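What follows is each chain in one-letter form.
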Amino acid sequence: MVRGRDACWEHCVLVDATRQKVRCNYCRREFSGGVYRMKFHLAQIKNKDIVPCAEVPDDVRDHIQSVLSTPKKQKTPKKPKMDKTVANGQQNSSSGSGGLHPNQGSSGQHGSTCPSLLFPRPSPSEQPAVDDASKQKQDDADKKIAIFFFHNSIPFGAAKSICYQEMVDAIAECGVGYKAPSYEKLRSNLLEKVKGDILDCYKKYREDWKESGCTVFCNSWSDGRTRSFIIFSVTYPKGTLFLKSVDVSGHEDDASYLFELLESVVLEVGLENVIQVITDSTASYVCAGRHLMAKYSSLFWSPCASYCIDKMLEDISKQDWVGIVLEEAKRIARYIYSDAWILNMMRKFTGGRELMRPRITRSVENYLTLRSIVIQEDNLKHVFSHSEWISSIYSRRSDAQAIKSLVYLERFWKSAREAVSVTESLVKIVRIVDGDMPAMGYIYEGIERAKGAIKAYYKGNEEKYMPIWDIIDRRWNMQLHSPLHAAAAFLNPSIFYNPNFKIDLRMRNGFQEAMLKMATTEKDKIEITKEHPVYINAQGALGTDFAIMGRTLNAPGDWWASYGYEVPTLQRVAIRILSQPCSFHWCRWNWSTFETIHTKKRNKPELEKLNDLVFVHCNLWLQTICESREGKCKPIIFDEIDVSLEWPTELEPSVPLLDDSWLDNMPFECIEGP
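Source: prediction; values computed, not measured. (Residues numbered from 1 in each chain as written. Predicted model: local features only at pLDDT ≥ 70, side-chain atom pairs only at ≥ 80, totals over all residues. Heavy atoms only, no water.)

J.: Tell me about the environment of I443, and please be specific about residues and values.
T.: Of note, I443 is situated in helix 17 (residues 443–457). Judged by its relative accessible area of 1%, I443 falls in the buried class. Those residues in contact with I443 that sit more than four places away from it in its chain are A305, I309, I429, V433, W476, L480, H485 and C582. (Helix = DSSP H or I, 4+ residues; strand = E, 2+ residues; numbered from the N terminus. Buried < 20%, exposed > 50% of the residue type's maximum accessible area, 1.4 Å probe, protein only. Contact = heavy atoms within 4.5 Å.)

Here it is in structure tokens:
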């Protein structure tokens, strides 16, 4: 791998020479396999497990795409040998491959070395003209697209959408003469067709829910004054579907009203399909959730796990020494990011690594910033001792001198390392649950691991670790813990069969309680009672060599689907439990979209059409998230979680729908299109 010969090195850096690991300068992702795989990343081309870069500039992407699309030059025959062949006239048809080959420059009949008249070669002066004409067409097309963006105030982020290139490819397939759909067709027939496609997908989802079960998300938002909305969606391992938004202004503290709303959505999705409902953890939602469980014994209610663990981190930050070091870390980061020259100086020393992660929740962001600063301790010290810094005008300013003193303060680094060590496991749990993939089988173990790591760090000194434990237990026991979490851990083979993990009384009781709720018939209860010892003792198919290997190699739900066929009732329950998520925080809605619906008075036909557009818009956004992970459910290995990589919550939120002028003069009767 010779770095000087490949232009791609301008856009990435070598991280590990032995593993040929390189890091993208734009999104910070790292890949093994050298610069070749990085090209596919920068060109936004999906290739095996390579994720397209979402931050690469368009000109860089286009350049790398052109590099990949340009065929490698074929080796030309050595000139002396060609001359000898021509001189001796030894070329004939018997020594060739038996046909006319225009690239060989021979008629193949008389050994002539003259270019074939049937396959004339373009002269060197003609080829650039063709290339120039093609490039001119490309430039003109690019310019037309750019003008369309500029003229209509389309966010540049729209070019990152997977629908963008799909649209261009579809137009190219139609060829010259394609007429784009009209204003009327877009807002009527095509809107209805796309909505119909999504509803067809909804029907397929409902069939899957019979096996995997599903979770109802209830995201709430308030402007802090008079407006409050709820967004309902339903999720399972293969995707998430937006259902509707509801204006609950004036009722957000009314538990009875919220209960009736939750109940209506559960019944719409199908009581037999819904395993759990996840809501916010405010008192009115807690009361509504418990009322729901009391009425429907098979249902579980849970608060958002990501939110609760984030609150644990927030409570830890209220410890005096932790709060001080977090504030000092923010001072360092804010100073560095306050000036482009200082920021570029820092990036030179850190190899382009960032300190701040602004798209993650505030508590987690603070700890990740502190963690990054600890990792970059030596590099940050080098920044403030380098001759380039010392000779700059910045070094003489009082604010810079204060930051430099802080960077060289040993007390800061001691506290920073302690805070990172204490909270690292909790941040990992947030990273695990902060996605749309099933994490139900891992949260119980995660909390136990976090407490164990904190105790180990303080070497069993209760005076030091118990205050942190008390914070975790208060949130875990009173707010987050559910029998569903315990049952999921019990049914997760990577945990249950792990000799290093203690299956405590609480987990066993949680499993029993969950089974009583999930087994809705007497027959199911009898079958689970019979099948339970088979799982406990890893008998039959559950104890084969493949099943033993699969405990850690397969996702828990996939493991049960593959090896649980001899205990079918327990298998079905296990798959339904282990297929659920713990958090809806990854689902970053753009609330202004829903303000557009609920804050302006409209007649019923207008509101129906606008709701149709929001339904289509939200579900297409959710589809892109599902497609980006390619439907893969992977096992979670706690020790391999790297919190420095991109988080699902760092993805772009849904784009707001601000323009509603298309509703003007809308003929709301059924419109037949061409």
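Next comes the rest of the account.
J.: Help me get a handle on the environment of E627, residues and values and all.
T.: Position of E627 relative to the elements: it lies in helix 27 (residues 604–628). By relative accessible area, which is 37% here, E627 ends up partly exposed. Spatially, the C-alpha atoms of E627 and K238 are 9.5 Å apart, while their sequence positions differ by 389 residues.

J.: Run through the packing of helix 22 (residues 522–536) against helix 25 (residues 568–578), naming residues and quoting values.
T.: For the pair helix 22 and helix 25, interaxial distance at closest approach is 7 Å and the crossing angle is 90°. Regarding the angle of helix 22 to helix 25, the classification is roughly perpendicular. Here D524, E527, I528, E531, H532 and Y535 of helix 22 lie close against helix 25, whose contacting residues are P568, T569, L570 and V573. When grouped by side-chain class, the residues that make up the contact of helix 22 with helix 25 number 5 nonpolar, 2 polar and 3 charged. (Axes fitted to C-alpha atoms, helices over the stretch in contact; angles between N-to-C directions. Parallel < 35°, antiparallel > 145°, perpendicular 65-115°, else oblique. Nonpolar A, V, L, I, M, F, W, Y, C, P; charged D, E, K, R; others polar.)

J.: Can you break down the sheet that holds strand 4 (residues 214–222) residue by residue, with the values?
T.: Sheet architecture is open: 5 strands sit in the order 6-5-4-7-8, paired in mixed fashion. Edge positions in the sheet fall to strand 6 (239–247) and strand 8 (300–303), since each of these pairs with one other strand and no more. With direction set aside, neighbouring strand axes in the sheet form an average angle of 20°. Sheet topology note: the strand 4/strand 7 (residues 274–279) ladder contains 4 bridges and is parallel. The residue bridging F217 from the neighbouring strand is I278, located in strand 7. (Pairing = 2+ DSSP bridges.)

J.: Break down a negative patch on the surface for me, citing the residues and quoting the values.
T.: Side chains of E166, D169, E173 and E627 sit close together on the surface and give a patch of like negative charge. Sort the elements by how many residues they give to the negative patch and helix 5 (residues 162–174) lands first, with 3 residues. Looking at where E173 falls in the secondary structure, it is placed in helix 5. In this structure E173 comes out as exposed when scored by relative accessible area, which is 70%. (Patch = residues over 30% accessible without salt bridge, like charges linked within 9 Å, V, L, I, M, F, W, Y side chains within 5 Å. Areas by Shrake-Rupley, 256 points an atom, 1.4 Å probe, with all protein chains shown as cover. Salt bridge = Lys/Arg side-chain N within 4 Å of Asp/Glu carboxyl O. Lys, Arg positive; Asp, Glu negative; His and termini not counted. Charge placed at Lys NZ, Arg CZ, Asp CG, Glu CD.)

J.: Describe unusual backbone geometry, naming the residues involved and giving the relevant values.
T.: Backbone geometry places S153, a non-glycine residue, at a positive phi of 55°. Along the chain, S153 turns up in the loop between helix 4 (127–151) and helix 5. What makes S153 exposed here is its relative accessible area of 64%. One non-glycine residue, A538, lies in the positive phi region at around 50°. Among the secondary structure elements, A538 is positioned in the loop between helix 22 and helix 23 (545–553). Since its relative accessible area comes to 19%, A538 is described here as buried.

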